[in-house]
Each structure stands twice: as C-alpha cells, then as structure tokens.
Protein chains: 2
Amino acid sequence: MTEPLIIWTYDWVPAGKSGPRGHVRDIRLRWACEEAGLPYEVRSVPFDNRGPEHFLRQPFGQVPVLQENGITLFESGACLLYLARKSEKLMPRTPRGEAETLEWTIAALNSIEMVTVPWWFIGLSNNQDNPLQGWVVQRLQHLEAILTQREWLAAGQFSVADILMSDVLRVPKVMTAGDFPALRSYIDRACARPAFKAAYDAQMAHFAAHERA
Amino acid sequence: MTEPLIIWTYDWVPAGKSGPRGHVRDIRLRWACEEAGLPYEVRSVPFDNRGPEHFLRQPFGQVPVLQENGITLFESGACLLYLARKSEKLMPRTPRGEAETLEWTIAALNSIEMVTVPWWFIGLSNNQDNPLQGWVVQRLQHLEAILTQREWLAAGQFSVADILMSDVLRVPKVMTAGDFPALRSYIDRACARPAFKAAYDAQMAHFAAHERA
C-alpha cells in the first residue's frame, strides 16, 4: 500500500509576533516528508474546540498527529523517528548512524527544548530575573561548542535530529539568551534548505486558507 | 559478541532529601537491563571534575552514557529506545506496539518531564507563585485521565515508556502539584517491580561505595 501519510494539525492559529504561525510542530513532519520526498496529506482539527475525538488521537490535546495504514502516532519527536526509518535522507542506515541520530533527536527534545520552552514561556510575562536564565545559557553554550566543530549534529549528514534541533532553536527570542554565532549559522543553514522553505510556506498557506474575518 | 553493556554514571552524588541519590538517570538503564535480563557493567566518571574526556562522550556533561561494541549513546531516552530493541519485555515487536512505545517514551520526555523538571527546579528557590504551576497541573491531569483507564502506557504491557514515565513522576514533590490518585498508583505499581528494586539498590550501593568522609 502506498497511501500518503496523513499529518494532523490545527485548522487555524493566531498570527503575529509571538503567535505560533510558522512554528506549529506539524512543520517538523512536513519538513521531513519534503526532505525525503514522502507524499503526505494534511488534515485539520479545530483550534478552538478540539473535542474528545482529538484527545483520543493526542492525549494532551496538541498537534501534530501522524497516521499511516492504521498506525497513529503523537509527539513530533516520535513521528520524526518513525519517518526517519523510511529514508537515508532522514537517518543513515548504519548502527552507529542510527544511534547518533537517535541521541541527538532526544537531546533536542530533552536537553535543549526542555529548557528553552519553559524559559521562553516564563519570559512572556517576566522580562527580568527569569529563573531559568543561567540554565538556558549553559545548555546553549554546550551546544555552541559542538556546532562550532560540525555542520550537522549526527553522523556527518543532515538528519531528523537537525530538523528538530533547528526548529527548537529558531523559536523567536531563543537566540537572545546570549551570543551564539555557531547556533545562528546552524539555524540559517537549516532554514535555507528548500525542504524547510516548502514546509514553512505550506504551513503558512494552510493557516491563511482558514483565515478569520 | 556478547560483551556486557557498559553504563556510565557518576562516582558519587550528594545524598539527602533533595539530593539526586536514587534518582540519577543511570537508574533508567539499570532498570531496563534488569527487566530484560541484559548483563551490564557500571563505570564511573568523577562527579566533581568531569573533564574533556567525559564531554566527548556526553556533550552536556551529564550521565548516563551507554556503550556497546563501539556504539556510544547519551541521553537516557535514547539509551532506553536502543535497549528496547533487544527484548520484547521492553517493547513489543509489532509495528503498532513499537509506535505506541515510541510515542509514550517521547511523551514522558517532552510532554511531562519538559514541564515537571523546570517546575521542580523553580520550586527549589521559590515556594510560592511558581510560574509553571498551571502548566504542570494541566499536563498531569491529562496523564491522570489516561492512567485512570490503563495499567501501563503502551501496547497493553510494561515497556521502556513506563520506566521513563514512572521515573519522571516519582521525583520528590512532583506529586504535590495536585491530586492525582491514578498517577500515584502507577508510580507504586512501577516501583514495586523487582527490576526497579534491583536497579535502585544497585545505584544506592554504587554511590555508598564511594562515600566521602
């Protein structure tokens, strides 16, 4: 069976400076599909009223959800690791290459995003004395040391780990935490990829198509 | 080759009420090995002076690190998913069972621990007005709804997802965020497993063996 993959996202999200448009996590899955040439369709769940049917697919009421042939997956990181098995463009096929892709994918989720997201969230209502400031700077400094020495995180090639890490880092304000030239170039490198641009444009078009009056 | 797995942890960590002893993340790997009957050896890195050699293994200077036949992995979540492929006791072998184990492992890292760890960290220095209070309660309520209906998270059996989620939830104070009877029973169920007890005792003995005067 070669049915297309199905990616679920919201029908609409707010736009604007700190609105999530352009950053909703379905973009991670779209990006992976674009890199690997995997056909996909997008379906929508109402942003305002997600309802019990959506909670059956995603117990925390979020997006994305990935569906394929009776398999339903939530958590963007899990979806990326699932998609990674479909193409060497997303993860090399050697045991060592798979291990490196796996560890850096999890590092993006649990060593970086675990700190940047709460730091960002607290910063929305508190511009001074963010209690997570020291922690976020320390984590980004460790990552800066790594990315000063390499182009991509895992196995000497672009992989789903880079989709995840660059998407975590490009969130507005994260780079204001300190001076991180290697991280800035890494974000630029990742976002210059045609597959990122295609995914980004597709997400923006999707939300614009459901624009509210 | 059947060389034992190597798990790296610290030589020593502080004990006491909020000390990490009993909660250092090597316990997640020990627990998985005990569940599956996988032989493992433990090696130590100095807690106080981790040195450049350790940063080569773990770019954020943390533990655990897992080694096997030339493969070196950091991030406890990555190590658990790597170990999961070795035994049906850690992850069922069906595509659906693998997908469910993967999504719940990532959910433990990125939907629960991403909120509980910063919430806990902020609470150390601020007992009132924790800016993450509403968020942690909401996430735990969603998880409570799931665990009211099932014994284990994924695929109708105990898996690495439960090792991770119960280890995230049993951190002191997390259950003081609200009233979560299903989560409390889940933690009790997980910690009553002989493999958890073996892993916990082994970690405590390891740190006690390097006790400081």
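Residues numbered from 1 in each chain as written. Chains lettered and ligands numbered in written order. Predicted model: local features only at pLDDT ≥ 70, side-chain atom pairs only at ≥ 80, totals over all residues. Heavy atoms only, no water.

**Thoughts on helix 7 (residues 181-191) of chain A**
Part 1 of the argument: Taken residue by residue, helix 7 of chain A has Ala182, Leu183, Tyr186, Ile187, Ala190 and Cys191 of chain A as its buried positions. Seen along its axis, helix 7 of chain A keeps its buried residues to an arc of 160 degrees; they face one direction. (Buried < 20%, exposed > 50% of the residue type's maximum accessible area, 1.4 Å probe, protein only. Helix = DSSP H or I, 4+ residues; strand = E, 2+ residues; numbered from the N terminus. Arc of directions from axis to C-beta.)

**With respect to the sheet that holds strand 4 (residues 71-74) of chain A**
Residue and element names in this part refer to chain A.
Part 1 of the argument: The strand order 2-1-3-4 describes an open sheet built from 4 strands, whose pairing is mixed. Of all the strands in the sheet, the pair left with one neighbour each is strand 2 (40-45) and strand 4. Direction aside, the axes of adjacent strands within the sheet are offset by 25 degrees on average.
Part 2 of the argument: In terms of strand pairing, strand 1 (residues 5-10) meets strand 2 through 6 bridges, oriented parallel. If you follow tryptophan 8 over to strand 2, its bridge partner there is arginine 43.
Part 3 of the argument: Sitting on the sheet, helix 1 (residues 26-36) touches strand 1, strand 2 and strand 3 (65-68), and the angle it makes with strand 1 is about 150 degrees.
Part 4 of the argument: Against the sheet, helix 3 (residues 76-84) engages strand 1, strand 3 and strand 4, with an angle of about 135 degrees to strand 4. (Pairing = 2+ DSSP bridges. Axes fitted to C-alpha atoms, helices over the stretch in contact; angles between N-to-C directions. Contact = heavy atoms within 4.5 Å.)

**Points about the interface of chain B and chain A**
Part 1 of the argument: Listed by partner, the interface residues are 41 residues for chain B and 41 residues for chain A.
Part 2 of the argument: Ranking the residues of chain B by area buried against chain A places Phe60, Glu103 and Asn110 of chain B at the top, with a combined share of 17%.
Part 3 of the argument: Along the contact surface separating chain B from chain A lie 0 salt bridges.
Part 4 of the argument: On inspection of chain B and its partner chain A, the count reaches 10 residue pairs in polar contact (both at pLDDT 80 or more).
Part 5 of the argument: Counting only elements with at least two residues in the side of chain B that touches chain A, the list comes to strand 4 (71-74), helix 3 (76-84), helix 4 (95-125) and helix 5 (133-147) of chain B.
Part 6 of the argument: Of all the elements, helix 4 of chain B adds the most residues to the side of chain B that touches chain A, at 18 residues.
Part 7 of the argument: Split into classes, the residues belonging to the side of chain B that touches chain A amount to 27 nonpolar, 7 polar and 7 charged. (Buried area = accessible area lost by both parts, 1.4 Å probe. Salt bridge = Lys/Arg side-chain N within 4 Å of Asp/Glu carboxyl O. Polar contact = N/O pair within 3.5 Å; in protein donor to acceptor, adjacent residues only side chain to side chain. Nonpolar A, V, L, I, M, F, W, Y, C, P; charged D, E, K, R; others polar.)

**Here we look at the relation of the copies chain B and chain A**
Part 1 of the argument: The transform that puts chain B on chain A rotates by 180 degrees and translates by 0.0 Å along the axis, for an RMSD of 0.0 Å. Classification of the inter-copy transformation places it as that of a two-fold axis. Closest approach to the rotation axis within chain B is made by the C-alpha atom of methionine 114 of chain B, at a distance of 2.2 Å.
Part 2 of the argument: In this assembly the copies share their binding face: 100% of the residues contributing to the interface of chain B also contribute to that of chain A. (Least-squares fit on C-alpha atoms with pLDDT ≥ 70 in both.)

**Examining the environment of glutamine 138 of chain B**
Residues and elements named next belong to chain B.
Part 1 of the argument: Considering the arrangement of structural elements, one finds glutamine 138 in helix 5.
Part 2 of the argument: Take glutamine 138: its relative accessible area is 36%, and that puts it in the partly exposed class.
Part 3 of the argument: Separated by 12 residues in the primary sequence, glutamine 138 and arginine 150 place their C-alpha atoms 19 Å from one another.

**What to know about the sheet that holds strand 3 (residues 65-68) of chain B**
Residues and elements named next belong to chain B.
Part 1 of the argument: The 4 strands lie next to each other as 2-1-3-4, forming an open sheet whose pairing is mixed. Among the strands making up the open sheet, the edge pair consists of strand 2 (40-45) and strand 4. Ignoring strand direction, the axes of neighbouring strands in this sheet form an average angle of 25 degrees.
Part 2 of the argument: Helix 1 (residues 26-36) rests against strand 1 (5-10), strand 2 and strand 3 of the sheet, and its axis sits at about 150 degrees to strand 1.
Part 3 of the argument: Contacts from helix 8 (residues 194-209) reach strand 1 and strand 2, with the element oriented near 55 degrees to strand 1.

**Things to note about the nonpolar core**
Part 1 of the argument: Residues Trp104 and Leu169 of chain A together with Trp104 and Leu169 of chain B are the most contacted members of the largest nonpolar core, which totals 157 residues.
Part 2 of the argument: The element that contributes the greatest number of residues to this core is helix 4 of chain B, accounting for 13 residues.
Part 3 of the argument: Once residues lying within four places of it in the same chain are set aside, the contact partners of tryptophan 104 of chain A are Leu143, Ile146, Arg150, Leu153, Ala154, Ala161 and Met165 of chain A together with Pro59, Phe60 and Phe74 of chain B. (Core = buried A, V, L, I, M, F, W, Y, C linked by side-chain atoms within 4.5 Å.)

**Some remarks on the pattern of salt bridges**
Close approach of charged atoms lets side chains of opposite charge pair.
Residues and elements named next belong to chain A.
Part 1 of the argument: Counted according to the given criterion, the structure contains 22 salt bridges over all chains.
Part 2 of the argument: For glutamate 35, the salt bridge is made with arginine 193, and the minimal N-O distance between the two is 2.7 Å. Within this pair, whereas glutamate 35 is found in helix 1, its partner arginine 193 is found in the loop between helix 7 and helix 8 (194-209), the two being separated by 158 residues in sequence.
Part 3 of the argument: Its relative accessible area of 12% is what places glutamate 35 among the buried residues.
Part 4 of the argument: A residue is classified by how much of its surface remains accessible, and arginine 193, at 22% relative accessible area, is partly exposed.
Part 5 of the argument: Arginine 96 is the partner of glutamate 100 in a salt bridge, and the nearest nitrogen-oxygen pair spans 3.9 Å. Of the two residues, glutamate 100 and arginine 96 both sit in helix 4 (residues 95-125), 4 residues apart, roughly one turn of that helix.
Part 6 of the argument: We classify glutamate 100 as partly exposed; its relative accessible area is 22%.
Part 7 of the argument: With a relative accessible area of 52%, arginine 96 lands in the exposed category.
Part 8 of the argument: Several salt bridges share partner residues, and in doing so they unite Arg25, Arg28, Glu113, Asp167 and Arg170 into one network.

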